[in-house]
Structure formats: structure tokens, C-alpha cells
Amino acid sequence: MAAMMGISALRSHHPLPLSTARPATALPRATSPTSHQPSSLTPLRCRCRCRRSLPHSCCSSSPRASLSPGAPDSAAAFMALAPNNAALRHRLIAPNSTAGSGDAAATGGLPSVSARSVVGIAHLAVSLGIVLATDKYLKQAFVAASIKFPSALFGMFCIFSVLLVLDTVAPALAKAFMDFFEPATLFIQRWLPLFYVPSLVVLPLAVRDVPAASGLKICLITFGGWFASLAVAGYTALTVRKIVKTELIAAEPMGKPSTFATLEFWAWGAVFVASFATAFVNPTALGTTARTCLPFMLASTVLGYMVGSGLPPGIKKLLHPIICCALSANLSAVAYGYLSGSGIDAALGDYLTKVPSNPGAGDVLMGFLGSVILSFAFSMFKQRKLVKRHAAEIFTSIAIASTFSLYSTAILGRLIGLEPTLTISILPRCITVALALSIVSFFEGANTSLTAAVVVLTGLIGANFVQAAMDKLGLNDPIARGIGTASSAHGLGTAALSAKEPEALPFCAIAYALTGIFGSLICSSAAVRQSLVFIAG
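Anyway, here's the lowdown on the structure attached to this text. Keep in mind it's a predicted model, so treat the numbers as computed, not measured. Every chain is numbered on its own, with residues counted from 1 as its sequence reads. Given that the model is predicted, a residue must reach a pLDDT of at least 70 before its local features are reported, and side-chain atom pairs must reach 80 or more before they are shown or counted; all residues, however, enter totals for whole chains, interfaces and linings. Only hydrogens and water are set aside when side-chain values are computed; all heavy atoms of the structure are taken into account.

1. Some details on helix α22 (residues 433-440)
Working step 1: Whether a residue is buried, partly exposed or exposed follows from its accessible area with a 1.4 Å probe, protein chains only, as a fraction of its type maximum: under 20%, in between, or over 50%, in that order. The secondary structure listing takes helices from DSSP runs of H or I that are at least 4 residues long and strands from runs of E that are at least 2 residues long, numbered from the N terminus. Of all eight residues that make up α22, eight are buried, and the element is covered over most of its length.
Working step 2: Considered for burial, the residues of α22 that qualify are V433, A434, L435, A436, L437, S438, I439 and V440.
Working step 3: The contact criterion used throughout is that any non-hydrogen atoms of two residues lie within 4.5 Å. Of the surrounding elements, those touching the buried residues of α22 are α7 (151-169), α17 (361-366), α18 (369-382), α21 (420-425), α23 (448-473) and α25 (505-523).

Structure (C-alpha cells):
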């Protein structure tokens, strides 16, 4: 992921090209062409050599104001008249336009660019490193203390509380805290779908022992349960909204990560080719087969995500980027298993080992899931005013929808005769992977790979059908649409909706985090767990 971090920082901190970054004040005063020479451009000085600042009779007819330094748009339009005329461009740039800029300006700004890039990479590395280290040490502390409550969720509450206290006593410090961790949160947001992929990649291994009839029942529960959860969350939000009659206000702007550059494709492509060849020649070059396969399997997953993200919107409805991720990784595993003679099962086994001392590519990606939960604290704090204003709609809808999702899944599993262990494994189908895995860890005998796969499947269903479903249900309010989407289809549904309905994004972000939080809280209760196990059979 180091290459991922470095290129992300370079993209976010690279300045505009020098041709577009020139200040408007670098343009000297100019006059338009004379009437008797319409096809030629006169020198950028009045032909009568007028020196006065007031308009002169000989040049008052020319639109000087439109070409003055104070009108950059008009000057840019003037430049566009002859985009390929290098001599004209040279004449339009004042000789002293870089005066006072120092050595950096004299050399084209390269030292400044380099400095910004290095600082950006360092900032990202430090902020993301702190988040990852916090998640790691919290896990170790909770394991040592035999605490089953999700450690990342506890850390999220702590970060959110610290931000609230700082905002009360020292708002400037709270803002500085947010600004410092912004590169890390944008990094997590940019690569978030990748963290869902590993369990989908190894799905062939996870469902091998699941009978076909049980697999069909799971699909029916997943699709029917998604639609029911969407309706319950959306209508609950609408009902509470009509009761409280709170006026909708504008939300805080949400930061957006940068798009993928051609350089990133080439970099990851080079990693894939070089590491695939290395693994083929010497399968234990890095100590174990899992570690040796890690670079090219990680590169294939990342490349699949990049390609999927660049597909036209129409194709994305059928081929979501996360599916491209899984297909790319699976094809790489098939190719390596065939060429090396080890087989696809061994390649997929090395992709997700679940052994900290011998990690695969999937283990690296899933290692960010705890950081995703910690990042919820920053997004919730940024929208704290919105949460406070619409607390009734948000918390009521999420509490009802989360409880309904868990118990309706258990009831449906019992009604259609699904095996109890499989029913328990898919209980948190509407909760983001990071917290869904924590929830099923409360239950014995759960198939965590199946849990993650069903969560991803639910998200894919929501990403493709949530807008059409809400239109049919008459859920037109941004609050209802945001809460309904995130409560039923977590992160993938949120990403799909926010791309076309940015006004619903803040409520998606809030509900996305709070749905998993509330589900984790109620499942941490022994009484709730026993009731769910009893219903599931």
C-alpha cells in the first residue's frame, strides 16, 4: 500500500500546470486590433503611444477594460484567439512576471512542486500511520483484557468525544486535529471498496461446503431482506420527519478523493508483472508462498478496482467496480495456479490466510477495516450540526431499521428452513463489513467468509437498484433516501447514491456509521444474542 499512499499524495498536492497557473496580473495592458486591420493583432500598447491612465481619444474605442489585468476571463479568451501562436504567447507574458518569486519561480517552480509533494506524502504517511497504529494497539489491548466488544468502535467513540470536547473549549484546536487527519480519511474513502473485496475473492472456498439449496435460500433472504430494510428505514424517517417538522438545512461540504491517474495504472501494472514473474520463478522468494504472491495479487485487485471505476455509468450498473476487483484477483489466482501447477485453491488460500505472521494480499486489505471504523468519528464530527438538528429522524430510523434487519433475517431463515449456523452467519447483512465481522464473532460457529460475502452482495444489490426502488416507494425526501440507502446497503449503496444525489450524502454517511454502531451495541447484549439464536433455531 506504500505505492498507493505515495501516488495518492502526489495527485492531491500536485499544482496546476505552469501555463494555467500564471496570475492574471502577469498580463500587460493591451488594445484590440485596429478597424482597418481586422486580421492582425497589434502590439499590446497603444499605437499613439498614449501614456496617460485616462482613456485617450485615439484609443477610447478599443475595449481596453476587457483586456486589463483585472479581467482574467477576458484575457484568457484573448489568449485563446491564437492558441498555437508561440510568439504571441511570449509577448503576452511580462518580462518581470516572476520577479520576487525567488529561485523556485526562475526554475519553473520545480523545487516548490517537489517540496509540496514530499510534505504531502509525509503528511499522509504520518496521519494514516497513527490511525493504523491506534487500531492495532486497541485490538491488542482488548484481546489481552478478553473484551469482546469491537475495539475499533470503542476507539471511534473516544476520537469523537475528544473532538467534541476540543470543539467546546478550543475550536481552533479541533479544526487543526481534523485537518491533520484529513489525508488519512480521504485515503480511506478513496480505497474503501477494496477493503470489502477479500472475502468476495475467496468466496469459492467459503461456499464450497454450502449446499446449492441453502445458497439459493441465502440469496432470497439477502434480496428480500434488503428491500424490506430499505422500506422500513425510509418510511420511518418520513413518519418521524412529518411529526417533528424540522426544516432541512445545508450540510457541511464533504471532501472528495482524487481520481486515478495514468501513472497509477502504469505503476501498479509494473508491480504486477514483476512480482508475478518473481513468484513464478521462485514461489518462496519472500519466505512463504503467501508473501511471495502478495504483491501481484494486491496489484491485480487494485488494477481491477481502477478499471472498474473508469467504466461508463451504464456498464457500472451491471459490472460494479467491486466485481471487477474480485474478477481481476480471481483471474490472477487462476493464471498463477495453472502456470505454477499449485492450483487455484492454493492461490486463493494464499490470498487470505488470516495468519498475522504470514499475511496475504487479502489480509493487508482487510487490515484497514478497523481504520474505516475509526474514520467514522471524523465524518460524524463534521456533520455534528446536522446530526443534532435531525437527531429524531436519524436515530429513530436507524434504531428501528437495524433491529428489524437482524430479527427479520433470523425469522426468514427459520421460516424457509435455512441451517441455523448459516442464518447466524448472515444476520448482519445490512452492516458494513468491518462491524459485521465483529458482530458475528459474538456467535459460535459462524462462517465469517460467508458473512462478508453476503454483506458485499447486499451492497451490490443496493448500489444497482436502490434509486429505482426508492422512486417506486415514493421516498423523495433527501433524509429518507440517505438513511434508507445506508441502513439497507451500507457503503456500496452510499457510494452509488451520492454520485447522483449529493444532497443525500451527509445522511448516508451518518446512517452508514450509526447503523453498524447500533447493531454492534445491541448484539453485545447477551439477551439479544440468545433471542436471535433461539429464533434462528
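2. Concerning the nonpolar core
Working step 1: Within the largest apolar cluster, 114 residues are counted, with the highest numbers of intra-cluster contacts made by F195 and Y351.
Working step 2: Here the bounds of each domain stem from an automatic or database domain assignment. The residues that make up this core include at least three from each of domain 1 (116-191) and domain 2 (197-536).
Working step 3: Put simply, a nonpolar core is a bunch of buried Ala, Val, Leu, Ile, Met, Phe, Trp, Tyr and Cys residues held in one set by side-chain atoms that sit within 4.5 Å of each other. In this structure, I221, L418, L422 and I426 belong to the second largest nonpolar core, which totals eight residues.

3. Observations regarding the side chain of S229
Working step 1: Assignment of secondary structure puts S229 in helix α11 (residues 212-244).
Working step 2: Those residues within four positions of S229 in sequence are excluded, and the remaining contacts are F404, S405, R429, C430 and S488.

4. Overview of unusual backbone geometry
Working step 1: The backbone of S146 shows a phi angle near 55°, a positive value even though the residue is not glycine.
Working step 2: Residue placement: S146 occurs in the loop between α6 (110-144) and α7.

5. Digging into the pattern of salt bridges
Working step 1: Any Lys or Arg side-chain nitrogen located within 4 Å of an Asp or Glu carboxyl oxygen qualifies as a salt bridge. One pass over the full model with this rule turns up seven salt bridges.
Working step 2: One salt bridge in this structure joins E393 and R241, with 3.7 Å as the shortest N-O distance. Taken together, the residues E393 in helix α20 (residues 391-415) and R241 in helix α11 connect sequence positions 152 residues apart. Grouping residues by exposure puts E393 and R241 together as buried.
Working step 3: Here D477 ties to R241 by a salt bridge, and the two come within 2.7 Å at their closest N and O atoms. Pair noted here: D477 is in the loop between α23 and α24 (478-500) and R241 is in helix α11, with a separation of 236 residues, a long-range link. Exposure class is identical for D477 and R241. Each is buried.
Working step 4: Three or more residues are tied together by salt bridges with common partners; here these are R241, E393 and D477.

6. Digging into the environment of I461
Working step 1: Structurally, I461 is set in helix α23.
Working step 2: For the pair I461 and A489, spaced 28 residues apart in sequence, the C-alpha separation works out to 7.6 Å.
Working step 3: In this structure, I461 is in contact with T222, F223, W226 and V466, ignoring residues within four places of it in sequence.

7. Observations concerning the packing of aromatic side chains
Working step 1: The pairing test for Phe, Tyr and Trp rings, Trp by its six-membered ring, is centres within 6.5 Å, and the orientation test on the planes gives stacked under 30 degrees, edge-to-face over 60, and tilted for anything in between. On inspection of all chains with the given rule, the structure shows 19 aromatic pairs.
Working step 2: Considering the side-chain rings of F276 and Y336, the 5.9 Å spacing of their centres and the 85° angle between planes classify their relative orientation as edge-to-face. Taken together, the residues F276 in helix α12 (residues 262-281) and Y336 in helix α15 (residues 321-340) connect sequence positions 60 residues apart. Taken as a pair, F276 and Y336 share a single burial class, namely buried.

8. Regarding the layout of surface pockets
Working step 1: Within this model, the second largest pocket holds a volume of roughly 1,300 Å³.
Working step 2: Buried and open spaces are told apart on a 1 Å grid over the protein atoms alone, a cavity being a set of points where a 1.4 Å probe fits but cannot get out and a pocket being an open set with protein on both sides within 12 Å along at least five of seven lines. Residues with an atom within 4 Å of a point are the lining residues. Lining the second largest pocket are 33 residues; nearest its centre among them are D135, K139, M366, G367 and L369.
Working step 3: Among the secondary structure elements, those contributing two or more residues to the lining of the second largest pocket are α6, α7, α17, α18, α22 and α23.
Working step 4: Per-element tally for the lining of the second largest pocket: the top contributor is α6, with seven residues.
Working step 5: Looking at the lining of the second largest pocket, its residues break down into 18 nonpolar, nine polar and six charged.
Working step 6: The residues that make up the lining of the second largest pocket include at least three from each of domain 1 (116-191) and domain 2 (197-536). Grid points are joined across faces, edges and corners, and a volume is the space filled by probe spheres set on the points. Under the convention adopted here, Pro, Cys and the residues Ala, Val, Leu, Ile, Met, Phe, Trp and Tyr are nonpolar, Asp, Glu, Lys and Arg are charged, and Gly plus all remaining residues are polar.

9. Focus on the packing of α7 against α18
Working step 1: What counts as an axis is a line fitted to C-alpha atoms, over the stretch in contact for a helix, and the angles between N-to-C directions run from 0 to 180 degrees. The contact between α7 and α18 brings their axes to 8 Å, and the two run at 25°. When the interaxial angle is binned, α7 and α18 end up roughly parallel. Crossing of α7 against α18: the hand is right-handed. Contacts between α7 and α18 pair A152, L153, G155, M156, I159, F160, L163, L164 and D167 from the former with G370, I373, L374, F376, A377, F378, M380 and F381 from the latter.
Working step 2: Across the contact of α7 with α18, the residue classes break down as 14 nonpolar, two polar and one charged. Each angle gets one of four labels, with under 35 degrees taken as roughly parallel, over 145 as roughly antiparallel, 65 to 115 as roughly perpendicular, and the rest as oblique. The hand of a helix crossing depends on one turn: near helix anticlockwise from the far one by less than a right angle means left-handed, and clockwise means right-handed.

10. Details of the packing of α12 against α15
Working step 1: In the contact formed by α12 and α15, the axes pass within 10 Å of each other and the chain directions differ by 30°. One way to sum up the angle between α12 and α15 is to call them roughly parallel. The crossing of α12 and α15 is right-handed. Residues F272, F276, A279 and F280 of α12 form the contact with α15, whose participating residues are S332, A335, Y336, L339 and S340.
Working step 2: Tallied by class, residues from the contact of α12 with α15 come to seven nonpolar, two polar and no charged.

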